[in-house]
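Close look at the chain arrangement
Spelled out, the chains give:
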Amino acid sequence: MIPAPFDYEVAESVEHAVELLGGREDAKLLAGGHSLLPVLRLRFARPALLVDIGRIEALSYVRDAGDRIAIGALTRHHDVVGAALLQEHCPLVPYAAGLIGDPQVRHRGTIGGSLAHGDPAGDLPAVLLALDGEVDVVGPEGTRTIAAAELFRGPFETALGPQEVMTEVRVPKLTGDHGWSYLKFRRRSMDWATVGVVAVVKGNGSIEEAAVGLVSMGATPLRARATEQALLAGESDPAALADDGTDPPSDTNGSAEYRRHLVRVLVRRALEEARPG
Amino acid sequence: MMVAPIELEIGEAIGAPVERKEDHKLLVGQAQWVDNMRVPGMAYMAVVRSPYAHARITRVDVAPALAHADVVAAYSAADLQEEWAGSLPCAWLPTEDTKAPPHLPLAADKARYVGDGVAVVVASSRAAAEDAAELVEVEYEPLPAIVDPEAALAEGAPLVHDELGTNRCYTWRLDAGEVDALFDEAEVIVRGRFRQNRLIPTAIEPRAVLVQPLPANGEFTMWSTTQVPHIARVTLSGVLGIPEAKLRVIAPDVGGGFGSKLNVYAEEALALGLARRLGRAIKWTEGRSEGYLATIHGRDQWQEIELAANADGKISAVRARVVAAMGAYLQLVTPGIPLLGAWLYAGAYDVQGYSFECTGVFTHTTPTDAYRGAGRPEATYAIERAVDALAAKLGKDPVEVRRLNFIREFPNAIAAGLTIDSGDYDAGLDLALGTAGYKELRTEQAERRAKGDPKRLGIGLSTYVEMCGLAPSKILGAIRYSAGGWDTATIRCLPTGTVQVLTGVSPHGQGHETTWSQIAADLLGYDVDEIEVLHGDTAVVPLGMDTYGSRSLAVGGVALYFAAERIVAKARLIAAHKLGVEPSQVDYVRGRFTGPEDSIALKDIALAAWTAHDLPDGVEPGLEASFVYDPPNFSWPSGAHLAVVEVDTETGNVEVLRYIAVDDVGTVVNPLIVDGQIHGGIAQGIAQALFEEAVYDDDGNLLTGNMVSYLVPSAPDLPSYELDRTETPSPTNPLGVKGVGETGAIASPAAVINAVCDALAADGVTDIQMPATPERVWRALEEAKR
Amino acid sequence: MRRVSLSVNGDQHELELEPRELLVYVLRERLGLTGATVGCDTSSCGSCTVLLDGESVKSCTVLGVQADGHRITTIEGLAENGALHPLQESFRTHHALQCGYCTPGMVMAAVSLLAENPRPSEAEIRHALEGNLCRCTGYQNIVRAIEAVA
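Residues numbered from 1 in each chain as written. Chains lettered and ligands numbered in written order. Predicted model: local features only at pLDDT ≥ 70, side-chain atom pairs only at ≥ 80, totals over all residues. Heavy atoms only, no water.

With that out of the way, let us pick up the overall build of chain A. Assigned secondary structure in chain A consists of 11 helices and 14 strands. Taking 277 residues into account, the globule formula puts the C-alpha radius of gyration at 19 Å, and chain A, at 19 Å, falls close to it. Dimensions along the principal axes, computed over C-alpha positions, put chain A at roughly 55 × 45 × 35 Å. Classification of the 277 residues of chain A by burial places 62% in the buried group. In chain A, once contacts between residues fewer than 6 apart in sequence are set aside, the share between residues at least 24 apart is 59%. Carbon and sulfur atoms make up 47% of the accessible area of chain A, which amounts to about 10500 Å² in all. Once the 28 positive and 38 negative side-chain charges of chain A are each reduced to a mean point, those two points are 6 Å apart. (Helix = DSSP H or I, 4+ residues; strand = E, 2+ residues; numbered from the N terminus. Rg over C-alpha atoms; globule rule 2.2 N^0.38 Å. Buried < 20%, exposed > 50% of the residue type's maximum accessible area, 1.4 Å probe, protein only. Contact = heavy atoms within 4.5 Å. Areas by Shrake-Rupley, 256 points an atom, 1.4 Å probe, with all protein chains shown as cover. Lys, Arg positive; Asp, Glu negative; His and termini not counted. Charge placed at Lys NZ, Arg CZ, Asp CG, Glu CD.)

Moving on, we get to the interface of chain A and chain C. Each side of the interface is counted separately: chain A has 35 residues, and chain C has 36 residues. A buried area of about 2800 Å², summed over both sides, lies between chain A and chain C, and 55% of it is on carbon and sulfur atoms. Ranking the residues of chain A by area buried against chain C places A:Arg41, A:Gln104 and A:Arg108 at the top, with a combined share of 24%. In this assembly, chain A and chain C are joined by three salt bridges. (Buried area = accessible area lost by both parts, 1.4 Å probe. Salt bridge = Lys/Arg side-chain N within 4 Å of Asp/Glu carboxyl O.)

Attention now goes to unusual backbone geometry. Leaving glycine out, the prevailing phi sign among residues is negative, and the prevailing peptide bond configuration is trans. Look at the link from B:Phe410 to B:Pro411: it is a cis peptide, with omega at -10°. Residue placement: B:Pro411 occurs in the loop between α11 (398-405) and β16 (412-413). A cis amide bond links B:Met770 with the next residue in sequence, B:Pro771, at an omega value of -10°. Here A:Arg43, not a glycine, exhibits a phi torsion of approximately 60°, which is positive.

Remark on secondary structure: sheet strands pair via backbone hydrogen bonds, oriented parallel or antiparallel. Residue and element names in this part refer to chain B. Read across the sheet, three strands follow the order β4-β2-β6 without closing on themselves; strand pairing throughout is antiparallel. Each edge of the sheet is formed by a strand with only one pairing partner; in this case those strands are β4 (110-111) and β6 (137-142). Where strand β2 (residues 55-61) and β6 come together, six bridges link them in antiparallel fashion. Bridge pairing links Ile 57 to Tyr 140 in β6. (Pairing = 2+ DSSP bridges.)

This paragraph deals with the packing of helix α11 (residues 256-274) of chain A against helix α20 (residues 774-785) of chain B. Two elements in contact, α11(A) and α20(B), have axes separated by 11 Å at closest approach and are oriented at 80°. In terms of orientation, α11(A) lies roughly perpendicular with respect to α20(B). Between α11(A) and α20(B), the residues in contact are A:Glu257, A:Tyr258 and A:His261 and B:Pro774, B:Glu775, B:Trp778 and B:Arg779, respectively. A per-class count over the contact of α11(A) with α20(B) returns three nonpolar, one polar and three charged. (Axes fitted to C-alpha atoms, helices over the stretch in contact; angles between N-to-C directions. Parallel < 35°, antiparallel > 145°, perpendicular 65-115°, else oblique. Nonpolar A, V, L, I, M, F, W, Y, C, P; charged D, E, K, R; others polar.)

Let us look at the sheet that holds strand β3 (residues 49-52) of chain C. Residue and element names in this part refer to chain C. In spatial order, the strands read β2-β1-β5-β3-β4; together these five strands make up an open sheet with mixed pairing. In this open sheet, the two strands that pair with only one neighbour each are β2 (11-17) and β4 (55-58). Strand-to-strand, the axes of this sheet are offset by a mean angle of 40°, without reference to chain direction. Pairing of β3 with β4, which is carried by four bridges, proceeds in the antiparallel orientation. Paired with Leu 52 across the two strands is Glu 55, which belongs to β4. Contacts between helix α1 (residues 23-30) and the sheet are confined to β1 (2-8), β2, β3 and β5 (71-73), with β2 contributing the most and set at about 110° to the helix.

Here you go:
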């Protein structure tokens, strides 16, 4: 299958991209293309214009930003996996990025593209959510920061405006008191998660902070709030509450009922793995 | 003149792991795929397909597509009606009253499955054809659909073909022995009801066809991604009304088939019809998601099996009943596929009573047809699962029950009515158990259970026998198959020291060029590299029955042996003449004739036969011989497969830890190729057991309609395979070969599911439907807890 | 239409492309390099894998215009002076291909893997092939072929 026809412009800069997006009713950003092009090939979408931001090299970086690590939105998954700063300060992110798709996808796909796609079955949205990360976006009005908790609005829907371009992703540095886990349960290695569970736990003896992010358990990536609270309260089986407030889909990889069961198992295992020390 | 046959010796090339001659071009990107090909004036075809499983077609308007600047032509079914001299072929109507509804390349009145073609567009580029196909306006009146074959038999179910008044296509029976009496006398009866999940063959090369017409001569050349160029020529000439001699079909390099390209498809007929009508070359290449709708599926059966046994576990009789989905239409051999397993529901076991019944049923789904194993994986699954159930019922080890029932005398006339050529089932089982370390595995399994490990260990066996090498023409005739089961070989010894071998079996990845070269090299004393194997072009090899059913070597390869005999017999006359002795005084050993004093090479005789300056009286010039071989029996590979799985009782996930396969495929010509065939078959069988299923919703929408949702496993999803073999040459052919293309796929689903059920036996689980998805495993455990 | 400059197997090509033209069709239909094949429409099968600036990509999921100015290596560019690349040779000796349709993509994926990880374990090799489907071999001989070169 070949995509329906579209126009194509190369953005030389973020500002140029914003301007190009403003010039057409039905324009879409193209970064690595690994979320967008498969959709275009099956003709599920037919934008009038693709604005290619893939050549803005300034948006590909990983750098130390004080208590956070800043990742350029066009940093490819492959480069996230190999980034020493992330390996040192927030190894959860490169670990999860290494489980996206397959090597070819990771060579092209970008962190910004994955987050802006807003796929509730994506790996990185739940990771960002569990880490309480944030992103910068640039639009006609300038730059604004969106917290992960505000970013994901619905299936394939984010808080980004039609003319906004994501430029940077920031995640906190984890410390020696942090433990983490990402369990991606899937039928085949290349598949999206049937259910994915991110756990980030801080504590030395007792638990001080706990965040549990869920993949494929609702219209957006979710936090397992009830589990988090039960953990902090020292309750005996916090994982049993993992499906509270979720609305998992039913599809050929699993029914909603099965996903509710599975998420409880995976959260228990993730919390065991994430236990600090 | 007639020459007496002689027996040739098998030499060094047969049995050697010769590296494949096919590989170099494939490894450097020089393969000749149909989709690579371009000819002058070529236009691209796209098919407009029904989005409804069942709908009345009330209007088709191709005018908007015709308005597209790059469009050459666009047609509805009605526009093309005159192109067709007959229906698309179904070559196997198993009973006199089998219902075979008309099946034209485009649906006119009604769409009967999602993907049924309703219009066709021709444009100057691939992209424009896809663009224009979207412009065709079709109005549908959706109707209720039926997708389950058992439900389709119920009173009041929506009819796939109204004029038939029923969805039942046929019922076929085979009864042998006093089955009812044996069941009455039985001390133990076990029953199983199993689902054969619908599978999508998924050859990695999608289908493609290119037709180049030569209007002045009324000739057509068709390149097609087909397993069956010869059958395609015979049948398509009938569909189109093109004289067979005016149609040349070429299967160039073909990227896998697994049964899906053992067919004659609407798109081939459309490309021919449009090439004729427009007088220009027409090309079509299937998109993968399109193919998941428009290329045949496999399996989709419900099976019931009953075993009658005594208290020791000795089985006396087997009763099996199958309801098999045909899909919406009959493709080339749709109705016959489940019947290829009809004789195998007693497996490798000696029984006195045998009864089998199969009902074929139309449903609003993509037609089913051959998929690797075709009928035999289904039969093997049913009997191997039932034997495990019998062992469980008696509290015996499944190994013991198998041994108690094995057939041990060969040839063996089985109750079902055919004769198994050779085998040694104990030997295979011994090897498999030894390789696996069966006792140690049982110990580890018990230890895991004892300590409450949520990850259970399971060990599953499948001791199978299958019938392949299709087939004796007489038997095919008796079961109402329309064609013969013979095949052809021609050997042409060229004057300059090389040989052309022409084979009627057209490969698509099996390595025939290498294997046939090995056989010819051995028998005729040439180097493997001096043999050139030609195939897959009806102008080069006019006669053949093509490649399917693990038949190539057991039929086409044996034809090659007999053609070699004819070469040697003729060459002996010339050799004797040259050596000045009587033919009876000349010995032949691998390429050289030796008389009492002198000797002469076959190669020199090839030159002498070509110059023809000095040939014995009555001997024709040239050294060429052909043979058409019709096998006297099927061939019967067998073996023992053993799967070791780990089942996570919390998530339901199944991991295959080890897979051991011991196969007896008769004489092995090339162990590299044989092992490769077994690897691939096992992978597909594990895929059936754990991953793959074509799922329809109640409205007949295919929910697994692309490679994201239809789960073909990749490298990290599959284990390494531990192979071994036993070898009992088939006594029915001089090479002793049997067939290996399907054994892996036939044996493995049962081994894997037996292992999964074994893992969970102590938890009270007795069966899990294929594919044993994590959810199905979890549900089975939940069910058992209640 | 857009003017694009591609370096393919060391040869420079100047092309006028429609933006929607996928790189795999540019290679196959404009440049006649039919080694990379198309096996799906969902970026799943990996038959179309080529190297873009030395890294494996699925050329069905890259627009020709995106490749402008980049260096592409296809299976046709792997053998040097007629000598097969060690991976090509190893695929042959290990019978790591049957129908051969997935093979160019499989080999290019393996080239990319070994460039990044010259000594992969069996598990790493299998993981690195997760985006390449083969229906014939069951993967075992492909894994062995790559192990033998690593």
